[in-house]
Amino acid sequence: MDDLESNFNLKVVLVSFKQSLNEKEEVLLEHYLTGWKGLVRFLNSLGAIFSFISKDVITKLQIMEHLCSGPQRDHYSSLQSMVAYEVGNQLVDLERRSRHPDSGCRTVLRLHRALRWLQLFLEGLRTSPEDARTAVLCTDSYNASLAAYHPWIIRRAVTMAFCTLPSRKVFLEAMNVGSPEQAVEMLGEALPFIEHVYNISQKLYAEHALLDLP
């Protein structure tokens, strides 16, 4: 394990989502993307099983970092300013991918959906008994979130892969916050941060009819 991995702490990552909200409850993209980078490290620390998600997330993060550092970066300081800019300037493909295949709105929507899956899975780990099967927890979370956006063949492959997941104890220990009991306590304190960010993002996208972007 290298130094980056040994210094990893999931609580710090989850708290970064708290920092992504300003006093106006705008989602600050810099902190949002930082939080996601940490979640990718957590997923990758568990082996190749989650690579189908982490690889796609990394691609989306690269797209967003390019937009956030590009010539129009002032419009990408927050999720709210990005949506206003792209929708107001017709920079979003609403019905099919064509002129703007990698708009910020579409890219963050994919991150948003994946965040919901991870939030549900971590909540399942927190509330489940010690002998709970992580494959069941992960499959239930996937079916309640990402599965709706994947074709059948992907859903089949993913749920079969979940059968090889490590135990609940291994997941909790991988969070690097102490004992499994301490990890459960930490999740209870930190997961509401992700849920709050998710709910604000969900409302914003719903208000602009962006939840089903192709």
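Residues numbered from 1 in each chain as written. Predicted model: local features only at pLDDT ≥ 70, side-chain atom pairs only at ≥ 80, totals over all residues. Heavy atoms only, no water.

## As for a nonpolar patch on the surface
- Residues Trp-152, Ile-153 and Ile-154 make up a contiguous nonpolar surface patch of about 350 Å² in total accessible area.
- Relative to the assigned elements, Ile-153 resides in helix α8 (residues 152–161). (Patch = residues over 30% accessible without salt bridge, like charges linked within 9 Å, V, L, I, M, F, W, Y side chains within 5 Å. Areas by Shrake-Rupley, 256 points an atom, 1.4 Å probe, with all protein chains shown as cover. Salt bridge = Lys/Arg side-chain N within 4 Å of Asp/Glu carboxyl O. Helix = DSSP H or I, 4+ residues; strand = E, 2+ residues; numbered from the N terminus.)

## Some thoughts on helix α3 (residues 29–44)
- Spanning 16 residues, α3 covers 22 Å between terminal C-alpha atoms, matching the ideal 22 Å at 1.5 Å per step.
- Regarding α3, the residues found buried are Leu-29, Tyr-32, Leu-33, Gly-35, Trp-36, Gly-38, Leu-39, Val-40, Phe-42 and Leu-43.
- Check the buried side of α3 and you find it contacts α2 (10–19), α4 (51–69), α5 (79–88), α6 (104–127), α9 (168–174) and α10 (180–207). (Expected span 1.5 Å × (residues − 1). Buried < 20%, exposed > 50% of the residue type's maximum accessible area, 1.4 Å probe, protein only. Contact = heavy atoms within 4.5 Å.)

## A word on α6
- Spanning 24 residues, α6 covers 34 Å between terminal C-alpha atoms, matching the ideal 34 Å at 1.5 Å per step.
- α6 sits mainly inside the fold: 19 of its 24 residues count as buried.

## Some points on the nonpolar core
- Ranked by internal contacts, the top residues of the largest apolar core, which has 67 residues, are Leu-10, Trp-36, Phe-50 and Met-175.
- Excluding residues within four positions of it along the chain, Met-175 makes contact with Phe-8, Asn-9, Leu-10, Phe-42, Leu-122, Leu-125, Ala-183, Met-186 and Leu-187. (Core = buried A, V, L, I, M, F, W, Y, C linked by side-chain atoms within 4.5 Å.)

## A closer look at unusual backbone geometry
- One non-glycine residue with positive phi stands out, namely Gln-90, at about 55°.
- Looking at where Gln-90 falls in the secondary structure, it is placed in the loop between α5 and α6.
- Within the chain, Ala-209 stands out as a residue other than glycine whose phi angle is a positive 55°.
- As for its placement among the helices and strands, Ala-209 is situated in the segment after α10.
- Residue class for Ala-209 comes out exposed when judged on its relative accessible area of 64%.

## Observations regarding the packing of α4 against α6
- Put simply, α4 and α6 touch, their axes get as near as 10 Å, and they point 140° apart. Helix-helix and strand crossings are classified by hand; for α4 and α6 the assignment is left-handed. On α6, the residues touching Ile-53, Val-57, Lys-60, Leu-61, Ile-63, Met-64 and Leu-67 of α4 are Gly-104, Arg-106, Thr-107, Val-108, Arg-110, Leu-111 and Trp-117.
- Tallied by class, the residues present in the contact of α4 with α6 amount to nine nonpolar, two polar and three charged. (Axes fitted to C-alpha atoms, helices over the stretch in contact; angles between N-to-C directions. Left-handed = near helix turned anticlockwise from the far one by under 90°. Nonpolar A, V, L, I, M, F, W, Y, C, P; charged D, E, K, R; others polar.)

## Details of the environment of Val-12
- Looking at where Val-12 falls in the secondary structure, it is placed in helix α2.
- You can call Val-12 exposed: its relative accessible area is 57%.

## A few points about the layout of surface pockets
- One number sums up the size of the largest pocket: a volume of about 270 Å³.
- Lining the largest pocket are Phe-52, Ile-53, Asp-56, Val-57, Arg-110, Arg-113, Ala-114, Leu-146, Tyr-149 and His-150.
- Counting only elements with at least two residues in the lining of the largest pocket, the list comes to α4 and α6.
- Looking at the lining of the largest pocket element by element, the count peaks at four residues for α4.
- When its residues are assigned to classes, the lining of the largest pocket shows six nonpolar, one polar and three charged.
- By volume, the second largest pocket amounts to about 170 Å³.
- Lining the second largest pocket are Leu-28, Leu-29, Glu-30, Leu-33, Thr-34, Lys-37, Glu-65, Cys-68, Ser-69, Arg-73, Tyr-76 and Ser-77.
- Taken together, the elements giving at least two residues each to the lining of the second largest pocket come down to α3 and α4. (1 Å grid on protein atoms, 1.4 Å probe; cavity = no way out; pocket = protein on both sides within 12 Å on 5 of 7 lines; lining within 4 Å. Points joined across faces, edges and corners; volume = space filled by probe spheres on them.)

## Quick word on the side chain of His-112
- One can find His-112 in helix α6.
- Residue classification places His-112 among the buried residues on the basis of a relative accessible area of 2%.
- Contacts of His-112, omitting those with residues within four sequence positions, involve Tyr-32, Tyr-198, Ser-201 and Gln-202.

## Concerning the side chain of Lys-60
- Topologically, Lys-60 is positioned in helix α4.
- Contacts of Lys-60, omitting those with residues within four sequence positions, involve Arg-106, Thr-107, Arg-110 and Leu-111.

## Focus: the pattern of salt bridges
- With the rule as written, the count across this model stands at four salt bridges.
- Here Lys-11 ties to Glu-189 by a salt bridge, and the two come within 3.6 Å at their closest N and O atoms. Placement of the pair is Lys-11 in helix α2 and Glu-189 in helix α10, with a sequence separation of 178 residues.
- On the accessibility criterion, Glu-189 (41% relative accessible area) is partly exposed.

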